Amino acid sequence: RSMIFPDHVVLQCVVPDDARAEASVAFDGKHRQPLHRGDSIIIQMSKYPIPTLNRLDHSNDWLSGLKTHFGFNARPRQRPLNDKNTSNNFGPRRPMPGKTNTNEYNSG
């Protein structure tokens, strides 16, 4: 899975000596490199970052940009459930066969 962190985060990833398997790392989804048992990698911001303009502050703009442009941590708003007597995408609701309680419905 992809992970995106703010610029102040420094990560150290270690493959334990007793790991059951080796690991791998890829940046921007390209050029996957193996990490063997005992290997480690430190990931931090470049000494030569790409300059950006900020509307509010760097963290707020960063997280807002991820949500807007990549859909991170975003979910479309769900439509409300239909009233039990109205239609939905599956056609009109009708009582389930063999059920006497009229409050039990099948959407089929």
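Residues numbered from 1 in each chain as written. Predicted model: local features only at pLDDT ≥ 70, side-chain atom pairs only at ≥ 80, totals over all residues. Heavy atoms only, no water.

### Observations regarding the overall build of the chain
For the chain, the count of helices and strands is 1 helix and 6 strands. Helices and strands appear in the chain in the N-to-C order β-β-β-β-α-β-β. The buried share among the 108 residues of the chain stands at 7%. Counting only contacts in the chain whose residues sit at least 6 apart along the sequence, the fraction spanning at least 24 positions is 29%. Per element, the accessible surface of the chain, about 10300 Å² overall, is 52% carbon and sulfur. (Helix = DSSP H or I, 4+ residues; strand = E, 2+ residues; numbered from the N terminus. Buried < 20%, exposed > 50% of the residue type's maximum accessible area, 1.4 Å probe, protein only. Contact = heavy atoms within 4.5 Å. Areas by Shrake-Rupley, 256 points an atom, 1.4 Å probe, with all protein chains shown as cover.)

### Quick word on a nonpolar patch on the surface
Together, Ile 4, Trp 62, Leu 63, Phe 70 and Phe 72 make up a nonpolar patch on the protein surface, roughly 510 Å² of accessible area in all. Along the chain, Ile 4 turns up in the segment before strand E1 (11-14). Since its relative accessible area comes to 37%, Ile 4 is described here as partly exposed. (Patch = residues over 30% accessible without salt bridge, like charges linked within 9 Å, V, L, I, M, F, W, Y side chains within 5 Å. Salt bridge = Lys/Arg side-chain N within 4 Å of Asp/Glu carboxyl O.)

### Observations regarding the pairing of strand E3 (residues 30-35)
Looking along a regular strand, one sees the side chains alternate between the two faces of the sheet. Looking at chain direction, strand E2 (residues 23-27) and E3 are connected through 4 bridges and run antiparallel. Its bridge partner lying in E3, Val 25 is registered against Gln 33. Between E2 and E3, which follow one another and run antiparallel, lie 2 residues, and Asp 28 among them has a positive phi close to 60 degrees. (Pairing = 2+ DSSP bridges.)

### Quick look at the nonpolar core
Of all hydrophobic cores here, the largest spans 5 residues; its members are Val 15, Ala 19, Val 25, Leu 35 and Ile 41. The contacts of Leu 35, once residues within four sequence positions are left out, are Val 15, Glu 22, Ala 23, Ser 24, Val 25 and Ile 41. (Core = buried A, V, L, I, M, F, W, Y, C linked by side-chain atoms within 4.5 Å.)

### Brief notes about the confidence of the model for the chain
Per-residue confidence for the chain gives a mean pLDDT of 76; residues scoring 70 or more make up 72%. Scored below 50 in pLDDT, residues 104-108 shows 16 contacts in the model against residues more than four places distant or in partner chains. (pLDDT = per-residue confidence, 0-100.)

### Concerning unusual backbone geometry
Unlike most non-glycine residues, His 31 shows phi in positive territory, near 50 degrees. Here His 31 lies in strand E3.

### Focus: the environment of Asp 39
Mapped onto the secondary structure, Asp 39 falls in the loop between E3 and strand E4 (40-43). Classification of Asp 39 as partly exposed rests on a relative accessible area of 28%. Setting aside chain neighbours within four positions, we find Asp 39 in contact with Cys 13, Val 14 and Val 15.

### Side note on the environment of Ala 23
With respect to the helices, strands and loops of the structure, Ala 23 is situated in strand E2. The class for Ala 23 is partly exposed, based on a relative accessible area of 33%. Here the alpha-carbon distance between Ala 23 and Arg 37, two residues 14 residues apart in the chain, equals 8.2 Å. Setting aside residues no more than four positions away along its own chain, Ala 23 makes contact with Val 15, Gln 33, Pro 34 and Leu 35.

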